[in-house]
Structure formats: structure tokens, C-alpha cells
Amino acid sequence: MFGRKLFVCKGGLGLIEFKDVSKTFETKEGTVHAIKDVNLKIENGKIYGIIGYSGAGKTTLIRMLNGLEKPTTGSVDINGVEINRLDAKNLRVQRHKIGMIFQHFNLLWSRTVIENIMFPLEIAGVDRTQRQKKAQELIELVGLSGKEDMYPASLSGGQKQRVGVARALANDPEILLSDEATSALDPETTDEVLDLLLDIKKRLNITIVLITHEMHVIRKICDNVAVLDGGKIIEEGEVLNVFKNPQQPLTKRFVSAEADPSRQETEVVLDELVTKYPDGRIIRLTFHGDQAKLPIVSEMVHEFPEVSLNIIAGNIKQTREGSIGTLYLQITGPTEQLDGSVEFLKNLRVETEVIKDEQ
Ligand SMILES: Nc1ncnc2c1ncn2[C@@H]1O[C@H](COP(=O)(O)OP(=O)(O)OP(=O)(O)O)[C@@H](O)[C@H]1O
């Protein structure tokens, strides 16, 4: 169904390294330090997310990957090649290996879906029959069959971004850059486009670098994340670890805003419960990865039959590397049995917090 070339395994390609990279802009108001001493290694075949608020330096960082900005100091290497040392001809060749998708799609409004996707191939000098064949394969890949001859204006936001993705893949890139590609979309369409990116990464084994201000995007599809603040990387790691144990206040803010949107509601429930049922203890359990599958609560009840259990609230979220879940329990019963059950949970190495103790 798809061309061989499109599905060539890209393993071993796409390694990106930022080495001591700083970037300053000289402006009328003075020097702007957009990027400060960034060191970053992005392994091939990974989806790497860079998160930060507006002005953190995300765009500047990503633009250095395709040579649109040059570092003031330091180097940006792709597969061992230093981008800012390439001459114009080799930079053009290198840019063909990088596809990019944008927040506002950047489509050509006077061209149809298939013409938009063929455009980069036209620039690359591919003949018309090949262009059409390749564009058709890409249309199938991104789920736009039947929409070939439509104009972008008559497509939904999600469909426009699918065209953007297909166009970005036209030259068989090793790396796909995503610049806030879901920021203009509603939550449901965001998830659709993120699922598409994940599917493409799996099928083509390309490296995806995405910048975003939404932790949801990171959680849903990224393997690794770097948090950028004031041009510096303040925290970096595997997504599950960062979610599990965020270190910096800004990271904690991103994580708590996303990880548990029902937390406020839960806190109301907890307040009510504390007032309504002053007896016993209220416990919060946090599960990570495979722990979420363990029958922890039923084992506890089995072990401590005199303890009564009330499940107050709970949720589970999927990350790329496993689940993260929170469960709120109220337990009542003889003090020693309550002590025993809390110890039992802690011994299972489930994060156990007693939110409210007996009165
Ligand atoms: N060409 C430029 N000239 C001067 N200053 C610039 C230039 N490009 C970026 N900056 C400054 O560098 C800093 C980082 O900007 P950048 O656009 O990379 O941040 P960002 O995290 O992508 O923010 P946003 O999401 O708002 O685009 C900002 O202070 C910005 O004003």
C-alpha cells in the first residue's frame, strides 16, 4: 500500500545534540539572552518534548535545528554533523531531512490537499508521476483519503493539520519538528493529531521534537521532556519520571495543572468527607506504572478484615511509559488495624499519604 521508501527503517538516524548552546539577539533595548548554556541529547526514534511558557526560548531552540537560527556559542549537531558549519548547499540537503508542522498549519490556501502535499516534492525536483504517487501514499497514511481535491479552507482544524503532517513527511525526513502543532485545536482534535504523530513515529521510526506549553501533549506522546525557563533547561528526563517526581517549582506547576484536573473537585469531596465522617483516616495512594494493575486494595482488605473501606475518589492517566493513578480511601476500624493497613500499603511501595488522621 505504501511506498518502500516511506517505510525504510530510520534506526540509527536522527540523533540530535545541543552542546553548550547559547543564543543572544541584539535589539534596540539591549541584548536578549534567548538560550543559555543548553546541553541536550535527543536519541533517534524518540518523541522529545520541550515545554515552557511563552518567551522561554522554545522557538529559538527548534529553529536552530534547521539552521534558521545559528547559536551564538556552542553547536547543534545532527548525526554528528554541525548544522551551523554547513555551507548553503549542504544546509539545503540537511533541511530536506527535517519536516516541520506549525500551529497555524502554514498551508497554501489556493492549492488542494494533494497539491499542498506535492509542493515540497516539486521544490525538490521530483517528477509529476512520482510526486502524485508519493502524495497519495501520504494521504492514506494521515487518513485523508477522499479529500485529495478539497481546498484547505473547507477542512476542519484536525484535517488541516493532517495535511501539514503529510506535507512535512513528503521528503522522507529523519526528524519531524512540531511547533505548537496542536495549540490551535480543541482537546478532542488535539488528541487525534497526537495519536497520528504517535502512529507515524511507530511506523516510520523517525525522531519527533515538539515544543508546547501544554503538559497534556507531553504526557500523551512524549518519551522524554525538557522544561525550558528563561532560556535554560531547568529539568529534563523520561516523562514518567518527571511526572512522578518533578523537582523544580515550574515543573511541579506544569505537572499538577495537567496530572489531576479533578484535584480541586476531589479536595471539595475530601473537605465534605472530613466534616461528614470525622472517624478513621483518609489516605491518598499514588500508583506508578505497573503498580496501577496490582490488586493492592483488595489485598489490604483481606489482610485487615476489621478495617472498613470507603473509596472516595480516584483517577488513572496513561503516559507513554505506563500509568499514573491516584486513589483516595477512607478507612475506619480499630487503631492497630488502621496502623497495620497503612504500613501494609507502604511496604508494597505504593506512595501512601495519610491526609487526615483519626480525631
Ligand atoms: N529575532 C529576534 N530578535 C530579538 N529577540 C528575539 C528574536 N527571537 C526571539 N527573541 C526573544 O527571545 C526570547 C525567546 O523567544 P522564543 O520565541 O524562542 O520563545 P518561545 O518560548 O518560543 O515563546 P512563544 O511561545 O511566545 O513563541 C524572547 O524574549 C523573544 O523576545
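Residues numbered from 1 in each chain as written. Predicted model: local features only at pLDDT ≥ 70, side-chain atom pairs only at ≥ 80, totals over all residues.

K.L.:
Would you take a moment to explain the sheet that holds strand β2 (residues 30–42) for this structure?
P.N.:
Where strands meet in a sheet, backbone hydrogen bonds hold them as pairs that are either parallel or antiparallel. Spatial strand order, β2-β1-β4-β5: 4 strands in an open sheet with antiparallel pairing. Where the open sheet ends on each side, the last strands, each with one partner, are β2 and β5 (81–82). In this sheet, strand β4 (residues 73–78) lies alongside strand β1 (residues 16–27) in antiparallel orientation, the contact comprising 5 bridges. In the sheet register, Ser 22 faces β4, and the bridge partner there is Thr 73. Here helix α1 (residues 58–65) sits on the sheet in contact with β1, β2 and β4, set at roughly 60 degrees to β2. (Pairing = 2+ DSSP bridges. Helix = DSSP H or I, 4+ residues; strand = E, 2+ residues; numbered from the N terminus. Contact = placed C-beta atoms within 7 Å. Axes fitted to C-alpha atoms, helices over the stretch in contact; angles between N-to-C directions.)

K.L.:
Which parts of the structure should I look at to understand the packing of helix α3 (residues 113–123) against helix α5 (residues 157–168)?
P.N.:
For any two helices packed against each other, one specifies the inter-axial angle together with the distance between the axes. α5 packs onto α3 with a crossing angle of 30 degrees between their chain directions and a minimal axis gap of 8 Å. In this view, α3 runs roughly parallel relative to α5, as classed from their interaxial angle. Viewed along their axes, α3 and α5 form a crossing whose handedness is right-handed. Every residue of α5 that contacts α3 at Val 113, Asn 116, Ile 117, Phe 119 and Pro 120 is listed here: Val 163, Ala 166 and Arg 167. For the contact of α3 with α5, a count of residues per class yields 6 nonpolar, 1 polar and 1 charged. (Parallel < 35°, antiparallel > 145°, perpendicular 65-115°, else oblique. Left-handed = near helix turned anticlockwise from the far one by under 90°. Nonpolar A, V, L, I, M, F, W, Y, C, P; charged D, E, K, R; others polar.)

K.L.:
Explain the UniProt feature "domain: ABC transporter" (unreviewed entry) in the protein here, please?
P.N.:
Those residues carrying the UniProt feature "domain: ABC transporter" (unreviewed entry) are residues 16–255 in this numbering. Helix makes up 38% of residues 16–255 and strand 28%. Its end C-alpha atoms lie 26 Å apart. (UniProt positions renumbered as here; feature names shortened; annotations may be inferred.)

K.L.:
Teacher, can you tell me more about helix α12 (residues 335–347) here?
P.N.:
Counting along an α-helix, one turn takes 3.6 residues, and residues three or four places apart therefore face a common direction. Its 13 residues give α12 an end-to-end C-alpha distance of 18 Å, which sits within 8% of 18 Å, the value for a rise of 1.5 Å per residue. Along α12, the residues that are buried comprise Leu 338, Ser 341 and Leu 345. Mapping the buried residues of α12 onto a view down its axis gives an arc of 65 degrees, with all of them on the same face. Summarising the geometry of α12, the exposed residues directed more than 90 degrees from the buried face are Thr 335, Glu 336, Asp 339, Glu 343, Lys 346 and Asn 347. (Expected span 1.5 Å × (residues − 1). Buried ≥ 20, exposed ≤ 12 C-beta atoms within 10 Å, placed from the backbone. Arc of directions from axis to C-beta.)

K.L.:
So what exactly am I meant to see when it comes to the site of the ligand here?
P.N.:
Contacts to the ligand come from Phe 25, Thr 27, Val 32, Ala 34, Gly 52, Ser 54, Gly 55, Ala 56, Gly 57, Lys 58, Thr 59 and Thr 60. Looking at which element gives the most residues to the shell around the ligand, the answer is α1, with 3 residues. Here the shell around the ligand is composed, by residue class, of 4 nonpolar, 7 polar and 1 charged. (Near = placed C-beta within 6 Å.)

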